[in-house]
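Coordinate analysis (summary)
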Amino acid sequence: MPNDPLIISVIDSHTEGEPTRVVTSGFPLLEGESLKAKLEDFRTNLDHLRSAVVNEPRGHSAIVGALLLEPFDPSNDCAVIFFNNAGYLGMCGHGTIGLVRTLEYLGEVRPGPVSIETVVGTVTAELHEDGSVTVRNVPSHRFKKDVSVNVVGYGDVAGDIAWGGNWFFLIDKHPFEIGPAAIGEMTGFTAAVKHALAANGITGENGAEIDHIEIFSPSENADSRNFVLCPGNDYDRSPCGTGTSAKVACLAEDGKLEEDEKWVQESVIGSRFEASFELVDGKVVPSVRGTAHIVSKAELIISTEDPFAFGIPQGSPAK
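The structure reproduced in this document is the subject of the present report. Keep in mind it's a predicted model, so treat the numbers as computed, not measured.

Looking at the element boundaries, Asp47 is found in helix 2 (residues 47-54). According to the relative accessible area criterion, Asp47 is buried, its value standing at 18%. In this structure the side chain of Asp47 is engaged in a polar contact, spanning 2.7 Å, whose partner is the side chain of Arg50.

Turning our attention to the packing of aromatic side chains. Here the structure, examined in full by the defined rule, presents 8 aromatic pairs. Site record: aromatic cluster; members linked through ring pairs are Phe27, Phe42, Phe83 and Tyr88. Geometry around Tyr235 places Arg237 over its ring, the cationic atom sitting 4.0 Å from the centre.

Here strand 6 (residues 112-118) pairs with strand 7 (residues 121-127) via 7 bridges, running antiparallel. Paired with Ser115 across the bridge in strand 7 is Thr124. A loop of 2 residues connects strand 6 with strand 7, the two strands running antiparallel in sequence.

Side chains bearing opposite charge may pair, as long as their charged atoms lie close to each other. Scanning all chains against the criterion turns up 13 salt bridges. The salt bridge partner of Arg136 is Glu278, with a shortest N-O separation of 2.8 Å. Separated by 142 residues along the polypeptide, Arg136 in strand 8 (residues 132-136) and Glu278 in strand 15 (residues 272-280) bring together distant segments of the chain. Residue classification places Glu278 among the partly exposed positions, given a relative accessible area of 28%. Two residues, Arg142 and Asp160, come together in a salt bridge whose shortest N-O distance is 2.8 Å. Placement of Arg142 in strand 9 (residues 141-151) and of Asp160 in strand 10 (residues 155-163) is noted, with a sequence separation of 18 residues between them. Each of the two residues, Arg142 as well as Asp160, counts as buried. Three or more residues are tied together by salt bridges with common partners; here these are Arg142, Lys145, Asp160, Glu253 and Asp254.

With that settled, the discussion passes to unusual backbone geometry. Peptide bonds are trans in most cases, and residues, glycine excluded, mostly fall at negative phi. Look at the link from Glu56 to Pro57: it is a cis peptide, with omega at 10°. Positionally, Pro57 belongs in the loop between helix 2 and strand 3 (64-69). We note that Asp146 has phi near 50°; this positive angle belongs to a residue other than glycine. Relative accessible area serves as the criterion here: at 55%, Asp146 is assigned to the exposed category. In this structure, Asp260 is a non-glycine residue whose phi angle is positive, near 70°. With respect to the element layout, Asp260 can be found in the loop between helix 5 (241-253) and strand 14 (263-266). Assessed through its relative accessible area of 55%, Asp260 is described here as exposed.

Ranked by size, the top nonpolar core spans 61 residues in total, and within it Phe169, Met186 and Val193 carry the most contacts. The biggest single contributor to this core is helix 4 (residues 183-199), with 7 residues. Once residues lying within four places of it in the same chain are set aside, the contact partners of Met186 are Phe176, Ile178, Gly179, Ile215, Phe227 and Val268. The next biggest cluster of nonpolar side chains, apart from the first, holds 24 residues, and it includes Leu46, Leu49, Leu67 and Ala309.

All right, on to the environment of Gly270 then. You can see Gly270 is positioned in the loop between strand 14 and strand 15. A residue is classified by how much of its surface remains accessible, and Gly270, at 30% relative accessible area, is partly exposed. For the pair Gly270 and Ala181, spaced 89 residues apart in the sequence, the C-alpha separation amounts to 12 Å.

What counts and how
Residues numbered from 1 in each chain as written. Predicted model: local features only at pLDDT ≥ 70, side-chain atom pairs only at ≥ 80, totals over all residues. Heavy atoms only, no water. Helix = DSSP H or I, 4+ residues; strand = E, 2+ residues; numbered from the N terminus. Buried < 20%, exposed > 50% of the residue type's maximum accessible area, 1.4 Å probe, protein only. Polar contact = N/O pair within 3.5 Å; in protein donor to acceptor, adjacent residues only side chain to side chain. Phe/Tyr/Trp six-rings, centres within 6.5 Å; stacked < 30°, edge-to-face > 60°. Lys NZ or Arg CZ within 6 Å of the ring centre and 35° of its normal. Pairing = 2+ DSSP bridges. Salt bridge = Lys/Arg side-chain N within 4 Å of Asp/Glu carboxyl O. Core = buried A, V, L, I, M, F, W, Y, C linked by side-chain atoms within 4.5 Å. Contact = heavy atoms within 4.5 Å.

As structure tokens, this is what we get:
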């Protein structure tokens, strides 16, 4: 007799165009006395389910998964582990906005503050009456400024290395007019930059991989327009919450953005986040506001009789 299939319940949303798939039930229990320990159990013993949830044939390379968990601190509303087609994310801005709207859909939260445990620390959010969500991110900072790397086919490319919950290489000078028509070319360029950084041993702090590449250009409708290459080599349809946070940290350090001043970041498809920051103990703490919409509710059926039960791997290997 065949084994009964594993049934995993999910709710899908998009935040300014970028999809989030929240796993609400059916996932095996993770072992560990901290969220980081649970992440390691996930990575070590259940990585095939990460692939099953977000990769084809059930998903696609742009989906970010969010495993909803009980918080370790009962004063928080929930805990979450973010993941995608290539591995695991410390924090995800658009995913947090999608998660908050999902919790609202489930009747777990109402307009007001929401406290969420993530692998990189507790993040607070505010669900507004109009359905938008403000995420108060972890402290963000620039690690190195004007780092130059030789990129095959493009020559020397300069950028800032900054942390906004994930590690970014932020590039202002490039040959592209950012918009949907250039997505293929920009994907090739940013993927080449990412490869060059790794090949030359250029990292974030403590040797951390720089797994997001972000380029900027002026915008007629916002303070800036961006294109972000995510781990797994797909692009962010939203303006990228952690990428916007990293940018805000750089602007603050350069004196180009004042505390509580609004900064509007437009995405490659024209959606927008509104960002600002406050200084807490001398550290830049960014806030990012955007809107998510629930788009579907489903049960994923994972049968061992299916040759692609655990997904068709995409992008780079899982970390």
